[in-house]
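Reading the structure
So you can see what is in the structure, the chains are spelled out below.
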Amino acid sequence: MARGKLRIYLGAAPGVGKTYAMLSEAHRRVERGTDCVVAFVEHHDRPRTEVMLHGLEEVPRRELEYRGGVFTEMDLDAVLARRPRVALVDELAHTNVPGSRHAKRWQDVEDLLAAGIDVVSTVNIQHLESLGDVVESITGVRQQETVPDEVVRRADQIELVDMSPEALRRRMAHGNIYRPDKVDAALSNYFRPGNLTALRELALLWVADRVDAYLTRYRSEQGVSRIWGSRERIVVGLTGGPEGRTLIRRAARLAEKGAGGEVLAVYIARSDGLTSASPKELAQQRTLVEDLGGTFHHVVGDDIPAALLAFARGVNATQIVLGSSRRKTWQYVFGPGVGATVARESGPDLDVHIVTHGEIAKGRGLPVARGARLGRSRRLWGWLVGVAGPPVLTALLSTVDLGLANDMLLFLALTVAAALLGGLLPALASAAVGSLLLNYFYTPPLHRWTIADPKNIVAIVIFVAVGAAVASVVDLAARRTHQAARLRAESEILSFLAGNVLRGETGLEELLERVRETFGMESAALLERAGDVAPWTCAGRVGRGRPVERPDQADVDMPVGDHMALALTGRVLPAEDRRVLAAFAAQAAVVLDRSRLQEEAGRARTLAEGNRIRTALLAAVSHDLRTPLAAIKAAVTSLRSEDVDWSEEDRAELLEGIEEGADRLDHLVGNLLDMSRLQTGTVTPLIREADLDEVVPMALGGVPEGSAELDVPETLPMVAVDPGLLERAVANLVENAVKYAPPGTPVLVAASALADRVEVRVVDRGPGVPDTAKDRIFEPFQRYGDAPRGAGVGLGLAVARGFAEAMGGTLNAEDTPGGGLTMVLTLRAAHSRPSPLPAAGPAASPAADSERQAS
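These figures come from a predicted structure and were not determined experimentally.

Turning our eyes to something else, we now look at the overall build of the chain. Helix and strand counts for the chain come out as 24 helices and 24 strands. The buried share of the chain, taken over its 855 residues, is 47%. Across the chain, the fraction of contacts at a sequence separation of at least 24, relative to all contacts at a separation of at least 6, is 71%. Roughly 41800 Å² of accessible area belongs to the chain as shown, and the carbon and sulfur atoms make up 55% of that amount.

Spelled out as structure tokens, the structure:
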């Protein structure tokens, strides 16, 4: 049986219209005659969505009893027995009521697909399992109901249901998503514009990656090798000249015109370093491209056009930006130039932009690049001039008589030309052949290998000596030029390396990537071991080459000390490159040591913070414990005194003072111990389901009667908390509020449910706290304003926030409307009861459905 097809409507947040779009698609299919049924659709009391269910066949739901309540779920067996062509299943990430065949609804969908039934479903981006941490960092809410990413990726069709944050908030304000009494809370919490914008970006990027994956698979299946410009990636070729900044800005403007545009600036240095690129100019251009959101790359290559095209194709670029040539008109006799060559060789896959600038035709500015020393082609030309030139010159001189002196000067000029082109050996060959031809054809006696006049012997010897001298000078100059070029190339690379350190680019992987790019290798890895016989381990690796487990497996290895080595694969480097490689290897070792030192420094800071807390604790103990102890001691001493006959009222008052001091000590010591546990990370909450109406009243026992009012409805969902920690946290909040509340004005402790969260609000009408101090009051040993003497050491709120975060909740301070401070303790619902938002009638699920979780 053929597997059914899955179509998913993906949204960024509840209320964007996923269910509505799914039902619209169902109506279209029914009109075409397709057998389509509603297996499970939750309309959440939204009138427009509920209307869309009219005219569609619905499979009756299955009723399940759980914890004394009756809940409804999709009847999987009934849908399989009905065997429709298409089934609508809403809320793919939903958690089923215990007693269902599967724990998750997406598992039910898998059974339907396996039975050959096509399924249309919905899901929000925040319910994808891989995005849980990201969504929590954005919204502050940890999604409990998730679906594996692979389930969504396997869908045959994914359709994004998009809506701008402003439009979604208008729908919310008009009451089209939640009940009116829940709108204000939703708009000020989950449905804030920033949250919605971030979730929308997540959804768009996830779908874009899915489209890229589909396109890659399609190209592979169809054997498409050409680059498809689905995403603009622009490579900027830099020469180190001042026009580079113009090219970078032009490329940035091109990238802004397309979605997801990316700029990659590349400077290609020849292996001999024969360029006059200014390190300062390149550093400025690097800073510019990074400020514009691009990346800078330094690549080595003798053939600049070929290296540029190879780099562009390697990064799947769609465009190349180059500057117009700086050469003058007559300099084009040496070749078409880099721009013309790249444009000719780019093919149909790459667009080449030649950008005008202020340095056009002002001269090369950069010297003509040479090969290593004289280069192969120059040596060939030197041998050709040195060996074939003298016979050709002899044939030309046979038609005219210029005299021996002029003939020797012409042969000497030919020898000098051979020396300039090919160096020493071609010049020596030219001098030897020329001297023989001068002796045979132009020195008396003619056509004989003898010389009659001794003066002619001196002239020929001088001719050979001058030719050899000129050739040696040219060869020595070429060697010195090559050495200088090598040193210049090394200094440029080392300057970039030093610049990386100064800019703080000390990541090991970034440095290894720089090594790989600089030497054109496939991969680079830093290996280390603990001892001489210990196995090698990889501290960091980049590239796609074969994995290297030992230095001797690499094409190039550079030892760093006794127990570390830099290993490269791809090709064998010449010996002269190892000096620069050694600098990279040493820097890699320094970077690794620095990262480890930073980790140790982080641990040391943690220990120092702990020591600071302990010091503060000792300071607090020395002062705040002394007062109640002194009061207790004074009262006890008075009671034990035999000189005074205490009345019953006096005795009761003294005993009451002892009790109050003991209570204060108990509270203070409890907070000190709690803070110590939080700082040392030893707080391990025992999370279980609990009722707020049972825990919160117990937290009010430490405040005077009548100083606090309680408003905790019994219909609230159960919360997933540690009851002991929750009681301590609420007690600290209430006691802190009572201290600052005006006399005769009780503190209000209220609780309410919002989607998959439950909020406990402790409201006072005291002086309040300015916005700049709202975060500081939760730090240890902070007492805001003129705290009354005996108000404690300032640990109560710090302990309360620590306990809240340990239980997976949050604690924040807000202004009380009309004056005062409100502490908002947000807890996770246990999902063992139907969530009150939004009201779903008798069909509500015990787990917060995927529409409710997000508010």
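A few words on the sheet that holds strand β23 (residues 810–815). One open sheet holds the 5 strands; their spatial order is β19-β21-β22-β24-β23, and the pairing between them is mixed. Each edge of the open sheet is held by one strand with a lone partner, namely β19 (708–711) and β23. Strand-to-strand twist across the sheet, computed as the mean angle between neighbouring axes with direction ignored, equals 20°. With 7 bridges connecting them, strand β22 (residues 757–763) and strand β24 (residues 821–828) associate as antiparallel partners. Opposite Val763, over in β24, you have Thr822 as the bridge partner. Running over the sheet, helix α23 (residues 723–740) touches β19, β21 (747–754), β22, β23 and β24 and is turned about 170° from β24.

End to end, helix α16 (residues 424–441) covers 26 Å across 18 residues, agreeing with the expected 26 Å (1.5 Å per residue, within 8%). For α16, the set of buried residues is Pro426, Ala427, Ala429, Ser430, Ala431, Gly434, Ser435, Leu437, Leu438 and Asn439.

What follows concerns the nonpolar core. The biggest cluster of nonpolar side chains holds 59 residues, and the ones touching the most others in it are Leu88, Leu92, Leu112, Ile125, Val147 and Trp206. Ranked by residues supplied to this core, first place goes to helix α9 (residues 193–222) with 6 residues. Other than its neighbours up to four places away in sequence, Ile125 contacts Leu10, Gly11, Ala12, Leu131, Leu199, Leu202, Ala203 and Trp206. Counting 44 residues, the second largest nonpolar core, distinct from the first, contains Leu692, Ala729, Ala753 and Ile777.

Let us now look at the packing of α23 against helix α24 (residues 796–806). In contact at an axis separation of 9 Å, α23 and α24 are set at 150° when each is read in the N-to-C sense. Where α23 crosses over α24, the two elements pack in a sense that is left-handed. Contact with α23, carried on its side by Leu725, Arg728, Ala729, Asn732, Leu733 and Asn736, involves Gly796, Leu797, Val799, Ala800 and Phe803 of α24 and no other residues of that element. Of the residues in the contact of α23 with α24, the class split is 7 nonpolar, 3 polar and 1 charged.

Turning our eyes to something else, we now look at the packing of helix α15 (residues 404–422) against α16. Axis separation between α15 and α16 bottoms out at 7 Å; the angle between their running directions is 160°. In terms of orientation, α15 and α16 fall into the roughly antiparallel class. Viewed along their axes, α15 and α16 form a crossing whose handedness is right-handed. Residues Asp407, Met408, Phe411, Leu414, Thr415, Ala418, Ala419 and Gly422 of α15 touch α16, and the partners they reach there are Leu424, Pro426, Ala427, Ser430, Ala431, Gly434, Leu437 and Leu438. By residue class, the composition of the contact of α15 with α16 is 11 nonpolar, 4 polar and 1 charged.

The full count for this structure, using the stated rule, is 25 salt bridges. For Glu25, the salt bridge is made with Arg29, and the minimal N-O distance between the two is 2.9 Å. Here Glu25 pairs with Arg29, and both are found in helix α1 (residues 18–31), just 4 residues apart, close to one helical turn. Each of the two residues, Glu25 as well as Arg29, counts as buried. The residue Arg105 makes a salt bridge to Glu91 at a minimum N-O spacing of 3.9 Å. Of this pair, Arg105 sits in helix α4 (residues 105–114) while Glu91 sits in the loop between β6 (86–89) and α4; the two residues are 14 residues apart in sequence, bridging distant segments of the chain. Comparing Arg105 with Glu91, the two get one shared label, buried. Residues participating in the shared-partner salt-bridge network are Arg7, Glu25, Arg28, Arg29 and Glu159.

Attention shifts here to the sheet that holds strand β8 (residues 157–161). In sheet architecture, strand pairing relies on hydrogen bonds along the backbone and comes in two forms, parallel and antiparallel. Pairing is parallel across the open sheet formed by 6 strands, whose spatial order is β3-β2-β6-β7-β1-β8. Across the chains shown, the open sheet's two edge strands, defined by having one partner strand only, are β3 (57–58) and β8. Where β6 and strand β7 (residues 118–124) come together, 4 bridges link them in parallel fashion. Note that in β7 the partner of Val86 across the bridge is Asp118. Of the strands in this sheet, β1 (6–11), β2 (36–40), β6, β7 and β8 are in contact with α1, which crosses β1 at around 145°. Helix-sheet contacts for α4 involve β1, β2, β6 and β7, and the interaxial angle to β6 is about 180°.

For Arg67, which is not glycine, the phi torsion reads 50° and is therefore positive. Its location among the elements puts Arg67 in the loop between β4 (62–66) and β5 (69–73). Judged by its relative accessible area of 56%, Arg67 is exposed. In this structure, Arg83 is a non-glycine residue whose phi angle is positive, near 50°. By the secondary structure assignment, Arg83 is in the loop between α3 (76–82) and β6.

The subject of this paragraph is the environment of Arg154. Structurally, Arg154 is set in the loop between α6 (149–153) and β8. The partly exposed category is assigned to Arg154, whose relative accessible area is 43%. Separated by 147 residues in the primary sequence, Arg154 and Arg7 place their C-alpha atoms 9.7 Å from one another.

Tallying each qualifying case throughout the model produces 0 aromatic pairs. If you follow Arg105 out to its NZ or CZ, it ends over the ring of Phe40, 3.8 Å from the centre. When the ring centre of Phe778 is taken as reference, the NZ or CZ atom of Arg801 above it lies at 4.0 Å.

Reading the values: the criteria
Residues numbered from 1 in each chain as written. Predicted model: local features only at pLDDT ≥ 70, side-chain atom pairs only at ≥ 80, totals over all residues. Heavy atoms only, no water. Helix = DSSP H or I, 4+ residues; strand = E, 2+ residues; numbered from the N terminus. Buried < 20%, exposed > 50% of the residue type's maximum accessible area, 1.4 Å probe, protein only. Contact = heavy atoms within 4.5 Å. Areas by Shrake-Rupley, 256 points an atom, 1.4 Å probe, with all protein chains shown as cover. Pairing = 2+ DSSP bridges. Axes fitted to C-alpha atoms, helices over the stretch in contact; angles between N-to-C directions. Expected span 1.5 Å × (residues − 1). Core = buried A, V, L, I, M, F, W, Y, C linked by side-chain atoms within 4.5 Å. Left-handed = near helix turned anticlockwise from the far one by under 90°. Nonpolar A, V, L, I, M, F, W, Y, C, P; charged D, E, K, R; others polar. Parallel < 35°, antiparallel > 145°, perpendicular 65-115°, else oblique. Salt bridge = Lys/Arg side-chain N within 4 Å of Asp/Glu carboxyl O. Phe/Tyr/Trp six-rings, centres within 6.5 Å; stacked < 30°, edge-to-face > 60°. Lys NZ or Arg CZ within 6 Å of the ring centre and 35° of its normal.

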